[in-house]
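Structure at a glance
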Amino acid sequence: MKTSTLLSILGGISSTIASKVHEKDGEDQKPITPSPPKHEPISAIPPVGLGLWNSKGKDATKATLSAFHNDYTHLDGAAAYGNEDYVGLALSDKKAPPRSSYWLTSKLWNSMHQPKNVPIAFNKTLSEYNTTYLDLYLMHWPVAFLPDRGGRSIIDQDTSITDTWAAMEVLASAYKASNGAYGARHIGISNFSPRQIDQIMKMCTICPYAHEFETHPYLQQQEFVNWHHRAGVKVIAYSPLANINPTYKDVMPDLKPILEDQLWEAIAKKKNCTVAQAILGWGVARDTVVIPKSVHEKRIQENLASLNVKFSEEELKEINKQDKKIRFNNPSKSWGVELFEGLDDGTNRFLTADGEL
Ligand SMILES: NC(=O)c1ccc[n+]([C@@H]2O[C@H](COP(=O)([O-])OP(=O)(O)OC[C@H]3O[C@@H](n4cnc5c(N)ncnc54)[C@H](OP(=O)(O)O)[C@@H]3O)[C@@H](O)[C@H]2O)c1
């Protein structure tokens with residue numbers, strides 16, 4: 001597809017960005033090759049990132065600046081977190097590092113799944129972040145809502161995840177065609193079931209770079225994680241500190257916070273680190289990308305240092321035996337859809353059309 005065609009599909013791109021890519025549309029005009037980014041973009045998704053859900057207003061700006069100050073190179077945001085403008089303030093701050101030196105993820109919200117809305121949502125995120133590209137754009141949930149329903153979540157029965165994925169592929173193609181000047185470097189999924197992944201895998205021409213889903217010591221999903229590794233899809237582990245997120249307090253009210261779990265206290269003692277560092281270090285050791293959220297600089301610093309906590313194969317096997325299979329984030333009931341099909345039946349076995357995942 002020609003760059004100019006792509007850009008016209010993308011509609012709503014600022015003329016400045018568009019002009020960087022292709023100055024004139026006439027057939028006799030030679031396409032202008034955009035100058036390559038000043039710095040090579042960061043090569044792959046860093047193993048630890050700063051989560052941004054529930055970081056409100058100026059706290060989100062402060063947390064992002066603290067993360068930069070403490071050498072983070074990865075931010076995990078989303079339109080639904082309602083703070084992209086506040087994160088954007090930090091990205092534009094004079095203390096922020098060059099854009100190419102950190103990884104920026106955002107997510108497409110459910111009410112923007114209709115293909116015509118995908119570039120609109122994407123461009124809004126870019127403009128709030130004051131950037132021209134994302135390193136990763138995820139479909140936040142495999143669920144489409146009707147747009148413009150004043151915050152009410154009404155399922156859009158006519159928009160499929162494959163329709164939405166095809167529109168996201170256009171954003172990834174734009175990145176390539178513009179030599180990194182505009183678009184999504186990578187696209188991915190979040191909260192998908194095996195069957196839904198299979199649907200995407202069967203039709204994608206640009207396949208998911210990563211899948212972000214809930215996984216931590218109390219919901220290990222090791223078999224599912226292993227499947228992603230075999231398929232070459234990176235796993236981003238959200239809520240890596242399990243039930244510490246206050247939003248989850250009513251799911252298992254009698255379960256002690258994981259930071260007071262005796263097993264993890266013992267592991268932390270043995271490794272001479274904090275409990276949070278042990279849990280996050282375990283996440284990295286099993287080859288998942290962890291994205292702990294904090295608005296406190298001391299914790300932000302502490303969480304990145306989990307990279308120094310190592311685990312042996314034996315230890316990983318022992319911890320695997322302690323899985324509690326508890327999912328804290330499941331809006332199935334409130335949205336009236338079945339999510340995580342095949343993952344929560346107690347045995348974690350799942351089948352796709354081509355056989356077992
Ligand atoms: N794709 C999705 O659907 C999805 C869903 C959920 C989450 N996510 C992403 O994953 C990120 C992380 O998940 P999460 O926010 O659910 O939970 P989390 O990162 O597992 O836990 C966050 C909670 O832990 C506290 N905390 C962080 N570091 C700590 C430390 N070292 N010691 C003690 N307490 C600590 C934070 O408090 P303070 O802030 O007060 O320090 C906050 O209350 C999110 O922010 C978001 O970016 C994505």
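Structural data are supplied above this passage.
These notes cover the structure that comes with them. Throughout this description, residue numbers start from 1 for each chain and increase along the sequence as written. Only residues with pLDDT of at least 70 are given local features in this predicted model, and only at 80 or more are side-chain atom pairs given and counted; all residues enter the totals for whole chains, interfaces and linings.

As a further point, take helix H11 (residues 297-304). Buried, partly exposed and exposed are defined by the number of other C-beta atoms within 10 Å of a residue's own C-beta, namely 20 or more, between the two limits, and 12 or fewer respectively, with C-beta atoms placed from the backbone. Each helix corresponds to a stretch of at least 4 residues labelled H or I by DSSP, and each strand to a stretch of at least 2 residues labelled E; elements are numbered beginning at the N terminus. Within H11, the full set of buried residues consists of Ile300, Asn303 and Leu304. Down the axis of H11, the smallest arc covering the buried residues is 95°, so these residues share one side. Note on contacts: each residue gets a C-beta atom placed from the backbone, and two residues are in contact if those atoms are within 7 Å. The elements touched by buried residues of H11 are strand E1 (50-51), helix H3 (57-69) and helix H10 (275-285). Taken from the helix axis, the directions to the C-beta atoms give the arc we talk about.

Turning our attention to the site of the ligand. Inspection of the region around the ligand gives 28 residues, with Gly51, Leu241, Ala276, Lys293 and Ser294 positioned closest. Looking at which element gives the most residues to the shell around the ligand, the answer is H11, with three residues. The criterion for a residue being near a molecule or strand is simple: its C-beta atom, placed using the backbone, must lie within 6 Å of it.

Of note in the backbone geometry, Asn130 takes a positive phi value of approximately 55° without being a glycine. A positive phi angle, near 55°, is found at Ala242, a position not held by glycine. Turning to its location among the elements, Ala242 is positioned in the loop between strand E9 (234-238) and helix H9 (262-271).

Core analysis: the biggest nonpolar cluster contains 79 residues, and Leu50, Val87, Tyr137, Met168, Leu171, Ala278 and Ile279 have the highest contact counts within it. For this core, the element with the most residues is helix H6 (residues 161-177), which contributes nine residues. Residues in contact with Ile279, not counting those within four places in the same chain, are Pro217, Pro240, Leu241, Ile258 and Trp264. The nonpolar core is taken to be a set of buried Ala, Val, Leu, Ile, Met, Phe, Trp, Tyr and Cys residues joined by way of C-beta atoms within 7 Å.

Structural elements are reduced to axes, namely lines fitted to C-alpha atoms, with helices fitted over the stretch in contact, and the angle between N-to-C directions of any two is expressed from 0 to 180 degrees. Close contact between H9 and H10 brings their axes to 8 Å; oriented N to C, the two are set at 90°. The orientation of H9 relative to H10 falls into the category roughly perpendicular. Contacts from Trp264, Glu265, Ile267, Ala268 and Lys271 in H9 reach Val275, Gln277, Ala278 and Ile279 in H10. Of the residues contributing to the contact of H9 with H10, the split by class is six nonpolar, one polar and two charged. Small angles under 35 degrees read as roughly parallel and large ones over 145 as roughly antiparallel, with 65 to 115 read as roughly perpendicular and the rest as oblique. Gly counts as polar in this scheme, as do all residues outside two lists: the nonpolar Ala, Val, Leu, Ile, Met, Phe, Trp, Tyr, Cys and Pro, and the charged Asp, Glu, Lys and Arg.

These values are about where atoms sit, not about what they do.
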